[in-house]
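Descriptive analysis of the structure
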Amino acid sequence: MREINFDGLIGPTHGYAGLSHGNVASASNRGRVSRPREAALQGLAKMRALLGLGVPQGVLPPHERPHVPTLRALGFSGAPKEVLEWASRHPLLLASAASASAMWTANAATVSPSADCADGKVHFTPANLSAKVHRAIEPAQSGRALKRIFSSAHFVHHAPVLATMGDEGAANHTRFHHEGAGVELFVFGRSVFGPSSGATASPQRFPARQAREASEVVARMHGLDPARTLFLRQSARAIDAGVFHNDVIAVGHEHVHLVHEHAFEDDDALERIDKTCADFGIPLETVRVREDEVALAEAVRSYLFNSQLVRAEQGLTLVCPIECGEGATSAFLEALPSRSSIEHIALLDVRQSMRNGGGPACLRLRVALTEEERSGVHAPCLLDGEKIDALEAWVRAHYREELTPSDLSDPALLDEVYVALDALTTLLALGSDFYEFQR
Ligand code: SUG
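Fair warning: this is a prediction, and the values are worked out from it, not measured in the lab. (Residues numbered from 1 in each chain as written. Predicted model: local features only at pLDDT ≥ 70, side-chain atom pairs only at ≥ 80, totals over all residues. Heavy atoms only, no water.)

Observations regarding helix 10 (residues 269-279)
Turning to helix 10, its buried residues number three or more, namely A269, L270, I273, T276 and C277. Buried positions in helix 10, seen along its axis, are confined to an arc of 130 degrees and lie on one side of it. Facing away from the buried side of helix 10 by more than 90 degrees, the exposed set consists of E271, K275, A278 and D279. Structurally, helix 10 contributes buried residues whose contacts are with strand 6 (173-176), strand 7 (183-188), strand 8 (229-233), strand 10 (256-260) and strand 11 (285-289). Looking one or two residues beyond helix 10, the residue adopting positive phi is G281, at roughly 75 degrees. (Buried < 20%, exposed > 50% of the residue type's maximum accessible area, 1.4 Å probe, protein only. Helix = DSSP H or I, 4+ residues; strand = E, 2+ residues; numbered from the N terminus. Arc of directions from axis to C-beta. Contact = heavy atoms within 4.5 Å.)

A look at the nonpolar core
One finds F6, F150, F264, I273 and L318 to be the most contacted residues of the largest nonpolar core, which totals 105 residues. Among the elements that take part in this core, helix 16 (residues 411-427) stands out by supplying 6 residues, more than any other. In contact with F150, other than residues within four places in its own chain, are F6, F124, F155, H157, V367, L369 and V377. Core analysis: the second largest hydrophobic core is formed by 12 residues, V161, F188, A214 and A219 among them. (Core = buried A, V, L, I, M, F, W, Y, C linked by side-chain atoms within 4.5 Å.)

Focus on a negative patch on the surface
A cluster of acidic residues, D266, D267, D268, E271 and D274, forms a negative patch on the protein surface. Structurally, D267 is set in the loop between strand 10 and helix 10. Given the relative accessible area of 81%, D267 is considered exposed. (Patch = residues over 30% accessible without salt bridge, like charges linked within 9 Å, V, L, I, M, F, W, Y side chains within 5 Å. Areas by Shrake-Rupley, 256 points an atom, 1.4 Å probe, with all protein chains shown as cover. Salt bridge = Lys/Arg side-chain N within 4 Å of Asp/Glu carboxyl O. Lys, Arg positive; Asp, Glu negative; His and termini not counted. Charge placed at Lys NZ, Arg CZ, Asp CG, Glu CD.)

Looking at the packing of aromatic side chains
For the structure on display, the rule yields 10 aromatic pairs. Pairing F6 with F150 gives two aromatic rings, centres 5.1 Å apart and planes at 70 degrees, and the pair type is edge-to-face. Linking F6 in strand 1 (residues 2-8) with F150 in the loop between helix 7 (139-149) and strand 5 (155-157), this pair joins segments that are 144 residues apart in sequence. F6 sits in the buried class, given a relative accessible area of 0%. Overall, F150 belongs to the buried group, its relative accessible area being 1%. Both rings, one in W394 and one in Y399, keep their centres 5.3 Å apart while their planes meet at 75 degrees; by these two values the pair is edge-to-face. An aromatic cluster of at least three residues, connected via ring pairs, comprises F6, F124, F150 and F155. (Phe/Tyr/Trp six-rings, centres within 6.5 Å; stacked < 30°, edge-to-face > 60°.)

Quick look at the site of the ligand
In the region of the ligand, 20 residues are neighbours, and L19, S26, H134, D247 and C362 sit closest. In the model, an oxygen atom of the ligand is placed 3.0 Å from a nitrogen or oxygen of the A17 main chain. With respect to the ligand, the backbone of L19 contributes an N or O atom lying 2.7 Å from an oxygen atom. In the complex, the protein chains occlude 99% of the 490 Å² of accessible area that the ligand would expose alone. (Near = heavy atom within 4 Å. Polar contact = N/O pair within 3.5 Å; in protein donor to acceptor, adjacent residues only side chain to side chain.)

Considerations on the sheet that holds strand 7
Pairing in this open sheet of 3 strands is mixed, and the strands run 6-7-8 from one edge to the other. Since the sheet does not close on itself, it has two edges, and those belong to strand 6 and strand 8, each with one partner. Here the strands of the sheet are splayed against their neighbours by 20 degrees on average, with no regard to which way each runs. Both strand 7 and strand 8 contribute to a ladder of 5 bridges, which runs parallel. Following the sheet pairing, L185 is matched in strand 8 by L230. On the sheet, helix 10 packs against strand 6, strand 7 and strand 8 and is oriented at approximately 175 degrees with respect to strand 8. (Pairing = 2+ DSSP bridges. Axes fitted to C-alpha atoms, helices over the stretch in contact; angles between N-to-C directions.)

Some thoughts on the sheet that holds strand 9 (residues 250-253)
If you walk across this open sheet you meet the 3 strands as 9-10-11, and the pairing is mixed. Only two strands of the sheet have a single neighbouring strand rather than two, namely strand 9 and strand 11. On average, adjacent strands in this sheet sit at an angle of 10 degrees to one another, irrespective of strand direction. Across 5 bridges, strand 10 lies against strand 11 in parallel orientation. Counterpart to V256 in the pairing with strand 11 is E285. Here helix 12 (residues 327-339) sits on the sheet in contact with strand 10 and strand 11, set at roughly 155 degrees to strand 11.

Here we look at the side chain of E265
Turning to its location among the elements, E265 is positioned in the loop between strand 10 and helix 10. For the buried E265, no salt bridge is present, and the opposite-charge side chain at shortest range is R233, 5.1 Å distant.

So, the pairing of strand 9
Burial of strand 9 is two-sided: the residues A250 and G252 facing one way and the residues V251 and H253 facing the other way are all buried. In terms of strand pairing, strand 9 meets strand 10 through 4 bridges, oriented antiparallel. Across the sheet, A250 pairs through a bridge with V259, a residue of strand 10. Linking strand 9 back to strand 10 in an antiparallel pair, the connection comprises 2 residues, with E254 at a positive phi of about 50 degrees.

Set out below in structure tokens:
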């Protein structure tokens, strides 16, 4: 079994609208001029770097934005140009319908590898992302893309969980494994039926997005073994510090768990993970990061825990955002290889995405597949150097250098996006009915 990272290709309307209350970077960069071309090229450079490390890489296409059907559903009627003009008088709604947030594919779905699922198939559940208006419009297109790319009999696709049960996908899901079946950890911040028993605190400053009940639905749908599945509550303190997903405060892969001491609400959380892994022969190595090494605020600044932990040709490697090269995080990383089985540290520049609170790990969806399952994946979405060259040329041909909030109602932008996405469906052989505007 081999893990493939499916990165979201950053879309042409990448911008900073401050849409994610609780996400410190999103709020603090609101209104800033964005650089869509640079953003997409940074994303592609990350994919190339991962390939260079010997890690297989796939791509998920951006969504159609501004999404005119959403604007119509919000009451803005008329021809597309009139819709944009009317919506421009409601900037937050227009920005929501134009957001390129589908780039953060760690939120596209939860994926369970076949080894963990009762029927021996790979299971996908698109996240409903119901906590934020701009993200709640993603699940339909994400589900369509996943079905198109993973379409053989090896794959099972579920509907998103009921929207009142907030589900943010793989960003709150970690899998530990050694050989064969793994242990799957789901992290939630709230319960839809009120505070869950044993909870000592609720966040005061920022909302919790993930509902425990949603994680439980996903685990049942995927046919996971309850003995190998854990549901743990994220700490209110972390959420209030700006940790809006668990992947902002912990990262796990194979038998290694890099985790902040304040990630979980319950004191025995790490012990429970350890014990469950031990029960199934997984020799878990927990790297518990203390507050006095990397404070929560520093973790949110540097995005240390939003690094990708990957099995590279050179050994276990932590692929970090370039912001980790400064401050207390930098000192911590220098010493990390001497205290863990993480052998190498790589720093990558994804600053355009980082300014929206999206680090390297947010930009990818992990899909672990056997050789046979991999042969059932839509091959044009699996990358090699040549395909990345072609995608870079596509970005250079179609993306604007800069984008301001007022550009979102420019009818020319809509035309540019349609031309670009039409060309992309050819490049990735996704068919001529992949996007709604094509139908
Ligand atoms: O949902 N930011 C995203 C960042 C998602 C990060 N994903 C993971 N942690 N896996 C979010 O908060 C900001 C968009 C804006 O403000 O324009 C935004 O949606």
